[in-house]
Structures are given as structure tokens and as C-alpha cells.
Amino acid sequence: MFWPAYLFAGSSFELLAQGHPLLEDSLTVQLVDGAFSLLSIVYFVFWGWMIWHCVRTEPDRHFWLWLLIIVPGIGPFVYFATRYLPSVNYQGPAFLRRWTRSRELSRLETAAIQIGNPHQYIQWADALRDAGMLDQAASAYAKALTKEPQNLQALWGASQVAAAQKRFGDVQQWTRRILEKDPQYKFGDVSLACGKSLMELGDTAAATQHLDQHVRRWRHPEAVYILASLQAEQGNTKVAKDHLQAMLHDINGSPVAIARRHGRWRSRARQLLKKLP
């Protein structure tokens, strides 16, 4: 048994052997044993979760598996902080982001009100969105668009807020306006958001057509996976498999850092391939 569980399980007995006053009562002993047993279970579930994530998504899995298995005490926590959190783009709780950026938000709000140009409102809106204050961000983007209706930064920011709030009709509106003016804007991110909003709105045919054109220009793994899923739902199994296999070749042939970033989509593609007849 690895040392963390042994330590948890044996702690109360060690204290009892030392005559610790808190453990002279048998009920206290049982409660402490139960607490340590619960901690042990939670630790092993967390440890197994990190190993599972490593095996599924980590290109350099041999080193990290070695760390997780040979150093089980701190290894899972090191992996969680250095590999897992960056892979899911974790930004921390919204309240913490608001608290750490409160002075900056106040400064940007003052600049937007005093200067009043679209640029200042966009800067303020971007900071509000990053802090998780979506309603206020939407209002600030709207003010920027009132002053400059075709401002691409404001349109894209408004699209991202709408997507986070699941207002997919608005996402369609904003992304279409951007693509009409600059189809290359954000190197395909806008086009992908447009295709995803079509799918969320239930327009499968339009989403399939849009994403089929999208992946011819930009090989976003997420876009390829969504397109393959839509093709599979429509019974086009061979087309779906071709897309997934091509995506896996793209990821496996890319530099390690890029492959690691797309590990989630590689895992999902493999899973979908196994399910397809």
C-alpha cells in the first residue's frame, strides 16, 4: 500500500499508542479513524483520476506516469497543477478574478466614460469578460458598437459573451457580421464559433455545410470532431471516420506542445472511432 493511505489509516493508532488525551474515548477513536479513511479514499480517487487523465491525454505520459506511481504523495498534486489545470484552461473562480482585477476594472471604466471612444469601451469590456462579469461586458460591448457598428473587436467580444451565456442566436448575428467583413478574422475562431452556434440552434444541415467549408481552410481539431459527429449522426459513417483519422494524423504529426494542447480532442476522436461501425 502506498504511504499516504498507510499514514491516514495508522495515524489514530499511533496517537492512541502515545496516550493522546483526545483518543482516550473509543468514540473519538472511531471518528478519527473514519475521517482518515475518508481522506484516504478521496486521495486515491484523485490519484486514479490524474492517472486516467495522463493516460488519455498526455503525449509525454511515460514521465508523468512514472512521477504519479513512484511519487504518489505529491505526484498527483504536481500533475494537477502543471498539466491538468492548463489543459482545461482553468482561470480560477470568477469572484477571485473580480477581486484581483478590481482596481484595473475601475481604471478602465473611468477611461471609457471620460474618453468615450470604442477602443476604451472594448478594453473595459474585455476585462469584464475575463473577470466573469458577462452582463456588464455585454453592455460595454454594446456601447462600443453603438459608436462603431462594424468594429470587429467589439463584435467578436460580444459573440464570446453571447456564447458563454448560451445566446446562440446572438452569436450567429455577431459572427456573420464579422465574417462578411473579414472571413480570416481570428484565424478561423470566428468561423468555428459560427458553426458551433448553428449546431446549438439545431440547424444540423447548415452547421454541417459551414464546418465542411471551415475545415478545408482551418484544421481546428474541435471543428473536425464536431463535423465528424454531425456526419455520423446523419449516417455518413465513412466520411466521419475519414475526418477523425485525418485529425489524429494531424495531431500526432504536430509538435509535442501542440499535440498536448489538443490531447482532449485526440481522446474523443479515438472514442468516437471505436463506437462507429
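Residues numbered from 1 in each chain as written. Predicted model: local features only at pLDDT ≥ 70, side-chain atom pairs only at ≥ 80, totals over all residues. Heavy atoms only, no water.

Caption draft 1: A look at the pattern of salt bridges. Scanning all chains against the criterion turns up seven salt bridges. A salt bridge links Lys238 to Asp242; the shortest N-O distance between them is 3.1 Å. Of this pair, Lys238 and Asp242 both sit in helix α14 (residues 237-252), separated by four residues, roughly a single helical turn. One salt-bridge network, held together by shared partners, links Asp126, Arg129 and Asp130. (Salt bridge = Lys/Arg side-chain N within 4 Å of Asp/Glu carboxyl O. Helix = DSSP H or I, 4+ residues; strand = E, 2+ residues; numbered from the N terminus.)

Caption draft 2: Representation of the nonpolar core. Membership of the largest hydrophobic core comes to 32 residues, with the highest contact counts inside it found for Trp124, Leu128, Tyr141 and Ile178. At the level of elements, α6 (102-115), α7 (118-130), α8 (134-147), α9 (152-164), α10 (168-181) and α11 (189-200) are the ones that each hand at least two residues to this core. By residue number, the principal contributor to this core is α9, which donates seven residues. In this structure Tyr141 touches Ile122, Ala125, Asp126, Arg129, Gln153, Ala154, Gly157, Ala158 and Val161, once residues within four positions along its chain are discounted. Core analysis: the second largest hydrophobic core is formed by 23 residues, Ala207, Ala240, Ile251 and Leu273 among them. (Core = buried A, V, L, I, M, F, W, Y, C linked by side-chain atoms within 4.5 Å. Buried < 20%, exposed > 50% of the residue type's maximum accessible area, 1.4 Å probe, protein only. Contact = heavy atoms within 4.5 Å.)

Caption draft 3: Quick peek at the packing of aromatic side chains. Summed over all chains, the structure comprises 12 aromatic pairs. Both rings, one in Tyr43 and one in Phe77, keep their centres 6.3 Å apart while their planes meet at 40°; by these two values the pair is tilted. Of this pair, Tyr43 sits in helix α2 (residues 26-57) while Phe77 sits in helix α4 (residues 75-87), and the two are 34 residues apart along the sequence. Classification of Tyr43 as buried rests on a relative accessible area of 7%. Look at Phe77 and you get partly exposed, because its relative accessible area is 46%. An aromatic cluster of at least three residues, connected via ring pairs, comprises Tyr43, Phe44, Phe46, Trp47, Trp49, Phe77 and Phe80. (Phe/Tyr/Trp six-rings, centres within 6.5 Å; stacked < 30°, edge-to-face > 60°.)

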